[in-house]
Amino acid sequence: MKIFIASDLHGSAYWAEKTTEKFRISGANQLILLGDIYNHGPRNPFPDEYAPIKAAETLNTVADKIIAVQGNCDAEVDQMISSFPFVNEEILTLNGRRLFFTHGHVHGKDNVPQWLRNGDVMFYGHSHVSEIVNVNGVTCVNVGSASLPKDGKHAYCILTDNSVVVYDFDGNAVCKTAL
C-alpha cells in the first residue's frame, strides 16, 4: 500500500496542480488531503495562484482517489465545488496499527488522542511545519504545507507499509521514520 498525503493547499491552483502531479507520479493508491484546501484563511497571505475554483477543478480530476479531511479554514460551501466529500477525521488500519488523519487544529503532537496506542500513527498539518516526533509511542507526523510553509519547505508525505517520508517538492526527504 502507498498513500500520498498533503495539507494546507489554501486555494492555490499552482500547488493543487503540483500536488496532483506528484500524486500521479508517485504511484500511490490514495490521496489524503488534511484540510485547508480552498480558503487562504484570515491569518495567511494569498498563496501562489490563489484560485480556489481552479484548484478544485484540478483536484476533481482525481476525486475517486481522494479522502479529504476538513480543516479549520474549510467550510460546508467547499463541498459545492468538490467532487469528493470532506470528513471530520479519518482512521485507517495498516499492519495492525491505526492511522489517524486529522487537520491538526484540535489534535496534534501536543494533544494526542488518548485512544491512540503505542505503534499508531497520527498525520496532521495546520501549523505548516514538517516534522516527525514520537509522543508516548505514537508517531506524530506533521506533513507541513504544500502552499504556505512556515519552515520554507513546500511539502507532502508518502506512507508505505514500512515507512513515512515527508518530501519537499524537489523530491528531497525532509524527515522520515520507519514503521
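See the structure printed just above.
What comes next concerns the included structure. (Residues numbered from 1 in each chain as written. Predicted model: local features only at pLDDT ≥ 70, side-chain atom pairs only at ≥ 80, totals over all residues. Heavy atoms only, no water.)

Each helix and strand in the protein chain was counted, giving 2 helices and 12 strands. Ordering the α and β elements of the protein chain from the N terminus gives β-α-β-α-β-β-β-β-β-β-β-β-β-β. A compact globule built from 179 residues would reach a C-alpha radius of gyration of about 16 Å, and the protein chain, at 15 Å, matches this within 12%. Over its C-alpha atoms, taken along the principal directions, the protein chain stretches across nearly 40 × 30 × 30 Å. The buried share of the protein chain, taken over its 179 residues, is 53%. Looking at the protein chain as shown, the accessible area adds up to about 8,100 Å², and 47% of this sits on carbon and sulfur atoms. Counting 14 positive and 20 negative side-chain charges, the protein chain places the centres of these two groups 7 Å from one another. (Helix = DSSP H or I, 4+ residues; strand = E, 2+ residues; numbered from the N terminus. Rg over C-alpha atoms; globule rule 2.2 N^0.38 Å. Buried < 20%, exposed > 50% of the residue type's maximum accessible area, 1.4 Å probe, protein only. Areas by Shrake-Rupley, 256 points an atom, 1.4 Å probe, with all protein chains shown as cover. Lys, Arg positive; Asp, Glu negative; His and termini not counted. Charge placed at Lys NZ, Arg CZ, Asp CG, Glu CD.)

Below, the discussion takes up the environment of alanine 16. Mapped onto the elements of the fold, alanine 16 is located in helix H1 (residues 13–26). In this structure, the C-alpha to C-alpha distance between alanine 16 and alanine 55, residues 39 residues apart in sequence, is 5.4 Å. If near-sequence neighbours (up to four positions away) are discounted, alanine 16 is found in contact with Leu9, Ala55, Thr58 and Leu59. (Contact = heavy atoms within 4.5 Å.)

With that out of the way, let us pick up the side chain of histidine 10. Tracing the backbone through its elements, the reader meets histidine 10 in the loop between strand S1 (2–6) and H1. By relative accessible area, which is 0% here, histidine 10 ends up buried. A polar contact of 3.2 Å, which involves the side chain of histidine 10, links it to the side chain of aspartate 8. (Polar contact = N/O pair within 3.5 Å; in protein donor to acceptor, adjacent residues only side chain to side chain.)

Bringing the state of the cysteines into the picture now. In the structure shown here, the tally under the stated rule is 0 disulfides. Lacking any disulfide linkage, cysteine 140 is separated from the closest cysteine sulfur, that of cysteine 175, by 12 Å. (Disulfide = S-S within 2.5 Å.)

Turning to the layout of surface pockets, a few remarks are in order. Each pocket or cavity is described by its volume, and for the largest pocket that value is around 160 Å³. Together, 14 residues line the largest pocket, and Gly104, Gly108, Lys109, Asp110 and Tyr124 are the ones closest to its centre. The residue inventory of the lining of the largest pocket, partitioned by class, reads 3 nonpolar, 8 polar and 3 charged. (1 Å grid on protein atoms, 1.4 Å probe; cavity = no way out; pocket = protein on both sides within 12 Å on 5 of 7 lines; lining within 4 Å. Points joined across faces, edges and corners; volume = space filled by probe spheres on them. Nonpolar A, V, L, I, M, F, W, Y, C, P; charged D, E, K, R; others polar.)

Turning next to the sheet that holds strand S4 (residues 86–87). Strand order in the open sheet made by the 7 strands is S4-S3-S2-S1-S10-S11-S12, with mixed pairing throughout. Only two strands of the sheet have a single neighbouring strand rather than two, namely S4 and strand S12 (173–178). Alignment of S1 against strand S10 (residues 155–160), held across 4 bridges, turns out to be antiparallel. Looking at S10, one finds that phenylalanine 4 is bridged to isoleucine 158. Of the strands in this sheet, S1, strand S2 (30–33) and S10 are in contact with H1, which crosses S1 at around 170 degrees. (Pairing = 2+ DSSP bridges. Axes fitted to C-alpha atoms, helices over the stretch in contact; angles between N-to-C directions.)

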